[in-house]
Amino acid sequence: MREGARTQGGTWAQQATLLRVAAIVSAMVCAGCSTAATNAEKATRAATPTAAAPAAAQPVTATSVAPGDAAPPASQTAGFDGARAWEHLVKQVGFGPRPPQTPAIARTQEYIKSQLANYGCAEEDDDFTAHTPIGALRMKNIVAKVPGTGREIILLLTHYDTVRVTNFVGANDSASSTAVMLEMARLYCGASPAHKLASASLWIAFLDGEEAQSVIDGKAQWTDEDSVYGSRELAARLAVSGDLKRVKAVVLADMIGDRNLEIRREANSTPWLVDVIWGTAKRLGYGKIFLDDRQGPVGDDHDPFVNRGVNAVDLIDFESGNTFWHTPQDAVDKVSPRSLAIVGHVLVESLPGIEKHR
Ligand SMILES: [Zn+2]
């Protein structure tokens, strides 16, 4: 994702500096405004779409978590098991860099599908070809579907690809939110009455290709055309099938694993949906994590839905001194099971309010 998707002006260097000083709330920055690559560069990259180097990541176990970062017992977070989510995070990081159409993302897809199968989730794949600045890439959206008795759908989103930066293993961006959504799938695909919506269907989409594929000098060159491929594909598919009209709310999580988690109200998100979730977080005692300050707009996977008039919210921490964003330092030492548990807890407790909202 990127900050300031609807603005033009600024450079990557400016954006990096702004990120370092955590002062980008009102900055007019743009990740896609750098000078275009030469045709030769484009041709080179097009020929090597799987060029990301293997990860140097060390094996990580739950024992490397500091006591303050541990997840509370699931009984204290509405059944959401932060320790299980953490295992999903560590597993994904262990696959190494996971850009589209690489062996590592194929392993990630197999992992997501095998977990969903274990939980008894009905699941649908959408294999599609994305036309990117580095050539045509095969991508895959994976959608778990928990059927309800009513017409409405609540749609949860995460992306599971990682940015095409060498040695980037994406513990926060994108393993954290994908880990949370896998644990959500376990809870809601199971038959527990505590994790059952009144009548709406709950769909959980694991999206490919959120990141810009064009990377120059280690910086992703985000544009409206080179980003959110999986989300655009899903929104378009649902529009064609007619299901988009049934979607009452889209809840996107992205980069929610930061040890010092701070999630601000994102400017392009639907206000009532933000209010329901932030109200729930406050009631649960997470007022210092779900902050009332505003951020963005942040360009992210919710945008294709917002653009089609669907209620959507982006839960993202993009401003809490996240200097490791899109660098190889986005590793497990930057994220915590506790943060995953808190976001999962808020999601579980927010769903009834989202469903009831009229
Ligand atoms: Zn990213």
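Residues numbered from 1 in each chain as written. Predicted model: local features only at pLDDT ≥ 70, side-chain atom pairs only at ≥ 80, totals over all residues.

(A) Region of interest: unusual backbone geometry. With an omega of 15 degrees, the peptide bond running from Gly-296 to Pro-297 counts as cis. In this fold, Pro-297 is placed in the loop between strand E10 (290–295) and strand E11 (298–299). Non-glycine residue Ala-78 carries a positive phi angle of around 55 degrees. Note on placement: Ala-78 falls in the loop between helix H2 (39–47) and helix H3 (82–94). (Helix = DSSP H or I, 4+ residues; strand = E, 2+ residues; numbered from the N terminus.)

(B) Representation of helix H7 (residues 271–283) in the model. Compared with the 18 Å implied by 1.5 Å per residue over 13 residues, the 18 Å span of H7 between its first and last C-alpha is a close match. Listed as buried for H7 are Leu-273, Val-274, Val-276, Ile-277, Trp-278, Thr-280 and Ala-281. Gly-285 sits one or two residues past H7 and shows a positive phi near 90 degrees. (Expected span 1.5 Å × (residues − 1). Buried ≥ 20, exposed ≤ 12 C-beta atoms within 10 Å, placed from the backbone.)

(C) Quick look at the pairing of strand E8 (residues 247–254). The element E8 is extensively covered by neighbouring structure, given that 7 of its 8 residues are classed as buried. In the sheet, strand E4 (residues 153–159) pairs with E8 via 5 bridges, with the strands oriented parallel. Its bridge partner lying in E8, Ile-153 is registered against Val-247. Alignment of E8 against strand E12 (residues 312–316), held across 5 bridges, turns out to be parallel. When the sheet's bridge partners are listed, Val-250 is paired in E12 with Ala-312. (Pairing = 2+ DSSP bridges.)

Geometric descriptors of this kind do not, in isolation, establish any biological role.
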